[in-house]
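Commentary on secondary and tertiary structure
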Amino acid sequence: VQMIESGGGWVQAGGSLRLSCVISGRTISNYVVGWFRQAPGKEREFVAHITWSGGYTNYADSVKGRFTISRDNAKNTVYLQMNSLKPEDTAVYYCGAKSGYVWAKDYATYDYWGQGTQVTVSS
């Protein structure tokens, strides 16, 4: 499985960005696709995930109500719409994929990762 993120950039606080994660290489109908982020000096943390087949979603408390994860099965793409961005959202954002739903908030259980895309939010 190959995963390529795009859509990162610089934005002022209160602004919006939409990240994309294009997935290729194999069928992922029973997979979970997640977005994680990692700020300098910090551990990679869960942001949101979605099940590929049913579209069930889950979010970290810190982004609930501001971020929306979605998928386009035809394009094999997962999106992360980020609104009302805050400086503390600044990080490298990664998409990952794993088989099965168990421990889907734990980055260590993911099998595949993209290269990451930088998001910088200025105050």
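Note: the structure precedes this text.
These notes cover the structure that comes with them. Owing to the predicted nature of the structure, the values given are computational and were not obtained by experimental measurement.

1. Overview of the state of the cysteines
The final tally for this structure, using the stated rule, is one disulfide. For Cys-21, the disulfide goes to Cys-95, at an S-S distance of 2.1 Å. Since a negative S-S torsion denotes a left-handed disulfide, the Cys-21-Cys-95 link at about 65° is right-handed. You can see Cys-21 sitting in strand 3 (residues 17-24) and its partner Cys-95 sitting in strand 9 (residues 91-99), a full 74 residues away along the chain. Comparing Cys-21 with Cys-95, the two get one shared label, buried.

2. So, the packing of aromatic side chains
Scanning the model with the defined rule gives six aromatic pairs in all. Ring geometry for Tyr-110 versus Trp-113: centroids 5.5 Å apart, planes at 40°, classification tilted. Look at Trp-113 and you get partly exposed, because its relative accessible area is 26%. Clustering of aromatic rings is evident, with ring pairs tying together Phe-36, Phe-46, Tyr-94, Tyr-110 and Trp-113. Geometry around Tyr-94 places Arg-44 over its ring, the cationic atom sitting 3.7 Å from the centre. Stacked on the ring of Trp-113, the Lys or Arg Arg-44 has its end atom at 4.6 Å from the ring centre.

Calculation criteria
- Within every chain, residues take consecutive numbers counted from 1 along the sequence as written.
- Residue-level local features of this predicted model are given only where pLDDT is at least 70; pairs of side-chain atoms are given and counted only at 80 or more, and the full residue set underlies all totals for whole chains, interfaces and linings.
- The basis for every side-chain value is the complete set of non-hydrogen atoms in the structure, without hydrogens or water.
- Put simply, a disulfide is two cysteine sulfurs that come within 2.5 Å.
- Every helix listed is a DSSP run of H or I at least four residues long, and every strand listed is a run of E at least two residues long, numbered separately from the N terminus.
- For every residue, the accessible area obtained with a 1.4 Å probe (protein chains only) is divided by the maximum for its type, and the residue is called buried under 20%, exposed over 50%, and partly exposed between those limits.
- For this analysis, a ring pair means two rings from Phe, Tyr or Trp (six-membered ring only for Trp) whose centres lie within 6.5 Å, classed as stacked if their planes differ by under 30 degrees, edge-to-face if by over 60, and tilted for the remaining angles.
- Definition used: whenever NZ (Lys) or CZ (Arg) falls within 6 Å of the ring centre and also within 35 degrees of the ring normal, the charge is taken to sit over that ring.

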